[in-house]
Amino acid sequence: MELRVLNYFLAVAREQSIVKAAESLHLSQPTLSTQIKSMEEELGKQLLIRNTKGSRKVTLTEEGLLLRKRAEKILSLVEKTEKEISFSDSVIVGDVYIGTGETESIRFLAKAAKKLQETSPGIHCHISSGNAACVTERLDKGLIDFGIIFGPPDSSRYQSLKIPQRTVWGVLLRKDDPLAKKETLTPRDLKKKPLILSQQGLPGGLAQWMRCRTSELNIVATYNLIYNSSLLVEEGLGYAIGLSGIINTSGNSPLCFRPLNPPVKTEMNLIWKKYQVFSRPARKYLDVLDEYLGSPLPEN
């Protein structure tokens, strides 16, 4: 399967029309149709459903949806590789890709990126958000160079640097809630309260912290990114258990954050694949992190 034809297929998927895709690609419609048909024959699967009732719109089959997802990742990785290879040896220019969940540790990345810009202004950092499963999946597929995760990494798969700060877990709630008058919140405060939980989960488990069975928790919703949970809290759905420093609760915000008591803290780690061959920009970024932390990099 040629990369050129993958680009053709993505154009059709994006435009939902072979005619419009052909125009955007500066190809004739018969030429593009032939290319897509040849791809379907090569794979032995139908990728598009052509409307036979006069409409020029096409839809993707289940196999077409899968190919679109994989093709986007393949072409993104090809583009990234081409950039890394083509840059001059005399100047470090390129991109560093980092995946992370929502955490105040982004400040750590920002400080290192700012320091990197002072010596290598041609290096650009790209940060994508997602939970731990999303971050490690993208890391394993080579789509990002580094990831930030909560807790210790799998040392059989990843090298890591511990970020010199621990993130505090607590409760996001409305300022007009009676519990907002307390400085910290205990298991007794949250008993039978409607809870909105992070899909990454409290270290050790919320039920263990509350000293009850999971079945006794009143879980009304879960979330992946805490901004979404903050909207649920604003609307009075419940109390969101999450990390501090992510949602701005100052000023006119209707929300506030109260730490858990007894306290729960999580260490953060920057990880990368074991035996990974870095691009020059990624290697430079890691060197800056090493200098910033003042600790030696782990050996592969």
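These lines cover the structure that appears in this document, whether it is placed above or below. (Residues numbered from 1 in each chain as written. Predicted model: local features only at pLDDT ≥ 70, side-chain atom pairs only at ≥ 80, totals over all residues. Heavy atoms only, no water.)

**Remarks on the overall build of the chain**
- Regarding its fold elements, the chain presents ten helices and eleven strands.
- Taken over C-alpha atoms, the radius of gyration comes to 24 Å for the chain, far larger than the 19 Å a tight globule of 300 residues would show.
- Of the accessible surface of the chain, which amounts to about 16,600 Å², a share of 50% is contributed by carbon and sulfur atoms.
- Each charge class in the chain can be summarised by its mean position, and for the 41 positive and 33 negative side chains these summaries are 6 Å apart. (Helix = DSSP H or I, 4+ residues; strand = E, 2+ residues; numbered from the N terminus. Rg over C-alpha atoms; globule rule 2.2 N^0.38 Å. Areas by Shrake-Rupley, 256 points an atom, 1.4 Å probe, with all protein chains shown as cover. Lys, Arg positive; Asp, Glu negative; His and termini not counted. Charge placed at Lys NZ, Arg CZ, Asp CG, Glu CD.)

**Points about the packing of aromatic side chains**
- Applying the stated criterion across every chain yields a total of four aromatic pairs.
- One aromatic cluster is present, formed by F146, W272, F278 and Y285 through successive ring pairs. (Phe/Tyr/Trp six-rings, centres within 6.5 Å; stacked < 30°, edge-to-face > 60°.)

**Concerning helix α9 (residues 226-234)**
- Turning to α9, its buried residues are I226, S229, S230 and V233. Buried residues along α9 cover an arc of 105 degrees about the axis, so they all sit on one side.
- In this structure, the buried residues of α9 make contact with β6 (158-174), β7 (195-198), β8 (219-223), β9 (239-243) and β10 (255-259).
- Positive backbone phi, at 85 degrees, marks G236, one or two positions downstream of α9. (Buried < 20%, exposed > 50% of the residue type's maximum accessible area, 1.4 Å probe, protein only. Arc of directions from axis to C-beta. Contact = heavy atoms within 4.5 Å.)

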